[in-house]
Amino acid sequence: MVVGTAQVDPLGYIEYTPGDAPVVIIAPHGGTLRPTGLPDRNCAGCETSNDLETQALARLLVERFHAATGRRPHLVVNRLHRVKFDANRDMDEATGGSGTLRAPWNWLHTAVDSAKATVQRQHGRGLVIDLHGHAHAIARLELGYLLDGAVLRTSDTDLTTSVALQQSSLARLARDTHMVADRGAALLRGPRSLGTLLDAKGFAAVPSTSDPAPRTGEPFFEGGYNTRRHGSLSGGALDAIQIEAPNVGVRDTEANRVRFAEALAQSLRTYLITHYGWQSPT
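Residues numbered from 1 in each chain as written. Predicted model: local features only at pLDDT ≥ 70, side-chain atom pairs only at ≥ 80, totals over all residues. Heavy atoms only, no water.

- If you check an unreviewed UniProt entry, the chain appears there as N-formylglutamate amidohydrolase from Gemmatimonas aurantiaca.

Below is the structure:
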């Protein structure tokens, strides 16, 4: 594998570009390919709407992170439209029962596992970012740690002393962040949390210091299959965060995508230095 050189599965549906930073970016719902030979997914409850411009946003994030640090995140991209393949579901729902897509599904998760293994070998620890887009009425970033709104609405004390963080996609980091003062609710919404770092750069986020939890009745994505599988809930070396980005102000124009990618790249750099003890080359 060569850093920065893309590999593609035999069918041309999944792309993996190796990196050398302690970050793995997954773009599961931004593909555009709709091969006529593949059936549309029609399982009960299947979501088939794409997260527009998230593939472009993921690629920009890789470039901006590289420009800021001299290191390139690993990137795993699903090229297929979501009506054909959902790269954030278990195999049956992801493929809609299509036998043809079982191999790409395996290839995708093998690629993520390979990226994680490289991060662990080179850096010891790291972070998986599963990048999505949402269409909720409130135009803010939603950061998913596998904790729902009801859990996030509990007090800092209760959140810190309960088992919630042990059941999150940051379970490992909650135990061993280099910022000892953040081993609790502060990891999710304190001054050095990812949401607060992004909010400080002009991108409202929940949870964060200024918006600690979604209110009752407000829609909120807490994290899905990829966050659960590839985070540290089950003891892995890498943690995971699902980022749901609104369209307006983030994904809707090239200028906004560049602005957000820059903000996220800088925030991730700070987050990795603060919580993982990463020594950024620049």
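1. Considerations on unusual backbone geometry
- Residue V206 is joined to P207 through a cis peptide bond whose omega torsion reads 0 degrees.
- If you trace the backbone, P207 turns up in the loop between β7 (205–206) and α9 (225–230).
- One non-glycine residue, E53, lies in positive phi territory at about 65 degrees.
- On the secondary structure map, E53 appears in the loop between β3 (23–27) and α1 (54–69).
- For E53, a relative accessible area of 37% corresponds to the partly exposed category.
- Its identity is not glycine, yet L146 carries a phi of approximately 75 degrees, on the positive side.
- Counting through the fold element by element, L146 comes out in the loop between β6 (141–144) and α4 (149–152). (Helix = DSSP H or I, 4+ residues; strand = E, 2+ residues; numbered from the N terminus. Buried < 20%, exposed > 50% of the residue type's maximum accessible area, 1.4 Å probe, protein only.)

2. Brief notes about the nonpolar core
- The biggest cluster of nonpolar side chains holds 49 residues, and the ones touching the most others in it are L127, L170, L194, I241 and Y271.
- The element best represented in this core is helix α11 (residues 254–276), accounting for eight residues.
- If we skip the residues at most four places from it in the chain, I241 touches L127, V128, I129, D130, L143, G144, Y145, L170, L194 and Y271.
- Of all hydrophobic cores here, the second largest spans 23 residues; its members include L80, A94, V128 and L238. (Core = buried A, V, L, I, M, F, W, Y, C linked by side-chain atoms within 4.5 Å. Contact = heavy atoms within 4.5 Å.)

3. Quick look at the pattern of salt bridges
- With the rule as written, the count across this model stands at 20 salt bridges.
- As a salt-bridge pair, D51 and R82 come within 3.9 Å of each other at their nearest N and O atoms. Taken together, the residues D51 in the loop between β3 and α1 and R82 in the loop between β4 (74–78) and α2 (91–95) connect sequence positions 31 residues apart. The pair D51 / R82 is uniform in exposure class, with both members buried.
- Residues D156 and R189 are paired through a salt bridge, measuring 2.7 Å at the closest nitrogen-oxygen approach. Separated by 33 residues along the polypeptide, D156 in helix α5 (residues 156–161) and R189 in helix α7 (residues 186–189) bring together distant segments of the chain.
- Judged by relative accessible area, which is 8%, R189 ranks as buried.
- Each of R41, D51, R82, D86, R89 and E93 takes part in salt bridges that share partners, so that together they form one network. (Salt bridge = Lys/Arg side-chain N within 4 Å of Asp/Glu carboxyl O.)

4. Structural notes on the state of the cysteines
- Taken as a whole and assessed by the stated rule, the structure comprises one disulfide.
- Disulfide partner of C43: C46, at an S-S distance of 1.5 Å. (Disulfide = S-S within 2.5 Å.)

5. Focus on the packing of α1 against α11
- In the contact formed by α1 and α11, the axes pass within 8 Å of each other and the chain directions differ by 50 degrees. In terms of orientation, α1 lies oblique with respect to α11. Remark: the crossing between α1 and α11 carries right-handed chirality. Of α11, the residues touching α1 (which contributes A56, L57, L60, L61, R64, F65, A68 and T69) are E254, R257, V258, F260, A261, E262, L264, A265, Q266, L268, R269 and L272. (Axes fitted to C-alpha atoms, helices over the stretch in contact; angles between N-to-C directions. Parallel < 35°, antiparallel > 145°, perpendicular 65-115°, else oblique. Left-handed = near helix turned anticlockwise from the far one by under 90°.)

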